[in-house]
Each structure stands twice: as C-alpha cells, then as structure tokens.
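# Chains, contacts and geometry: an overview
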Amino acid sequence: MDELMQNPAFQSYATCSALLAIKMLLTGNYTTMQRMRNKGFVNKEDAKSFGGAPSEQEHPAVAHALRIQRNDLENIPLFFAIGLIYVLNGASPTGAWWYSWTFTIARLVHWIAYMNHLQPWRAICYFVGYLCILGMAVQIIF
C-alpha cells in the first residue's frame, strides 16, 4: 500500500477522488438546505419534526437539488472505478494528472452551473467529464 501511495498517478487520482467525495457530501447538504428553506417535506415525520406540511410532490427547489445529486451519482462513481483501474493499469503520472484534474474541475464547475441554472456551461462541463472517463476507458481497453 505504501508503494501505491508513492505513485504520482495514484496521488492525483486519490486527491481528486477525495475532493469529489467531499463535493458529493456537500451536494447532499445543499439538498437539505433547500428542503429546510422551502419546507419541502415529502415524509410526514420530517414535516412534523421540522415544520411544514407533507406534500405528495417535491418542492421545485428540492427537486432541482435532487437532480444535481442524481447527476453526481450517475457520473462520479464511474470516475472512481475507471480512474482506479486506469491508474492500477500503469497510467503515466501526466495522463492520470490531466484526466483526474480535468474531470474534477469539470464536475465542480458543473455543480456551480447546475445550482445557478447556467446553460450551456452545465452541458459543456458534463461533456468534458464524459470525455475524461471515455478516454481512460479506451486506454484501459487498448
């Protein structure tokens, strides 16, 4: 394990993975903030505990925050898996650095764009991240 931690390719991947994990945690907090701010509770026990009336439908701001979380869950675990395989398969430190940091920055900017309803920036950032995962996957195969 110590040898792996000394690998510069793994260091880039691990640092970016930790940042993305923190980002995912913060996205959950953002959803909670939207729920509390808008009293948008679907569960009766939550409405009872935190005030407000339970609703059959999510408040629009909460639904938007949940879509941000779902987008993370559809994309970031792919980076965790493909990035790790890429690094363990002998990725160059430069390649791992570029893929890891480009994906991470794209996902952070995507998050900001999504929260602020900024198109086409959200789509551009998504596509940049998509290309990073695709590039690593292709390199693993070949």
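Scroll up to find the structure this text is about.
Now for a description of the structure that goes with this document. (Residues numbered from 1 in each chain as written. Predicted model: local features only at pLDDT ≥ 70, side-chain atom pairs only at ≥ 80, totals over all residues. Heavy atoms only, no water.)

### Digging into unusual backbone geometry
Applicable threshold: We count a stretch as a helix when DSSP gives it H or I for four or more residues in a row; a strand needs E for two or more, and each element gets its number in order from the N terminus. Only protein chains enter the area calculation, which uses a 1.4 Å probe; residues under 20% of their type maximum are buried, those over 50% are exposed, and those in between are partly exposed.
At the junction of Gln119 and Pro120, the peptide bond is cis and its omega measures out at 15° in the coordinates. Position of Pro120 relative to the elements: it lies in the loop between α5 (93-115) and α6 (121-141). Its identity is not glycine, yet Lys39 carries a phi of approximately 50°, on the positive side. Along the polypeptide, Lys39 turns up in the loop between α2 (8-38) and α3 (44-50). The partly exposed category is assigned to Lys39, whose relative accessible area is 43%.

### Looking at the nonpolar core
Defined as follows: As used in this record, nonpolar core signifies buried Ala, Val, Leu, Ile, Met, Phe, Trp, Tyr and Cys residues forming a set joined through side-chain atoms within 4.5 Å. The criterion used for residue contact is that any of the two residues' heavy atoms lie within 4.5 Å.
Within the largest apolar cluster, 16 residues are counted, with the highest numbers of intra-cluster contacts made by Phe79, Tyr86, Val87, Ala96 and Phe103. Of all the elements in the fold, those that place two or more residues in this core are α2, α4 (60-88), α5 and α6. Excluding residues within four positions of it along the chain, Val87 makes contact with Ala9, Phe10, Tyr13 and Ala96. One finds Tyr30, Ala65, Ile68 and Tyr114 within the second-largest nonpolar core, a separate group that totals five residues.

### Some words on a nonpolar patch on the surface
This is how the line gets drawn: Note on patches: the residues involved have over 30% relative accessible area and no salt bridge, like charges join within 9 Å, and the nonpolar side chains Val, Leu, Ile, Met, Phe, Trp and Tyr join within 5 Å. Every accessible area reported is derived by Shrake-Rupley at a probe size of 1.4 Å, with residue values counting cover from the shown protein chains alone. The working definition used for a salt bridge is a side-chain nitrogen of Lys or Arg within 4 Å of a carboxyl oxygen of Asp or Glu.
Nonpolar side chains collect at one region of the surface, where Tyr126, Phe127, Tyr130, Leu131, Leu134, Val138, Ile141 and Phe142 lie side by side and expose about 850 Å² of accessible area between them. Tyr130 gets classed as partly exposed once you look at its relative accessible area, which sits at 40%.

### Remarks on the packing of aromatic side chains
A ring pair, where both rings are aromatic, is described by two values, the distance of the centres and the angle of the planes. Our working rule: Stacked, tilted and edge-to-face are the three classes applied to pairs of Phe, Tyr and Trp rings, where Trp contributes its six-membered ring and a pair requires centres within 6.5 Å; stacked means planes under 30 degrees apart, edge-to-face means over 60, and tilted covers the rest. Lysine and arginine charges are scored as sitting over a ring when NZ or CZ, respectively, is within 6 Å of the ring centre and within 35 degrees of the ring normal.
Summed over the entire model, instances satisfying the criterion amount to nine aromatic pairs. Among the aromatic side chains, those forming a connected cluster through ring pairs are Phe10, Tyr13, Phe79, Phe80 and Phe103. The positively charged end of Arg122 is found above the aromatic ring belonging to Tyr114, 4.1 Å away from the centroid.

### A word on the pattern of salt bridges
Under the criterion given, the structure shown has three salt bridges. Salt-bridge contacts for Asp72 lead to Lys23; the nearest nitrogen and oxygen are separated by 2.7 Å. Residue Asp72 is found in helix α4, and its partner Lys23 is found in helix α2; the two are separated by 49 residues along the sequence. For the pair Asp72 and Lys23, a shared accessibility class is recorded, and that class is buried. The partner of Asp72 in a salt bridge is Arg107, with the nearest N and O atoms 2.9 Å apart. Placement of the pair is Asp72 in helix α4 and Arg107 in helix α5, with a sequence separation of 35 residues. A relative accessible area of 3% places Asp72 in the buried class. According to the relative accessible area criterion, Arg107 is buried, its value standing at 2%. Ionic contacts of the salt-bridge type, sharing partners, join the residues Lys23, Asp72 and Arg107 into one network.

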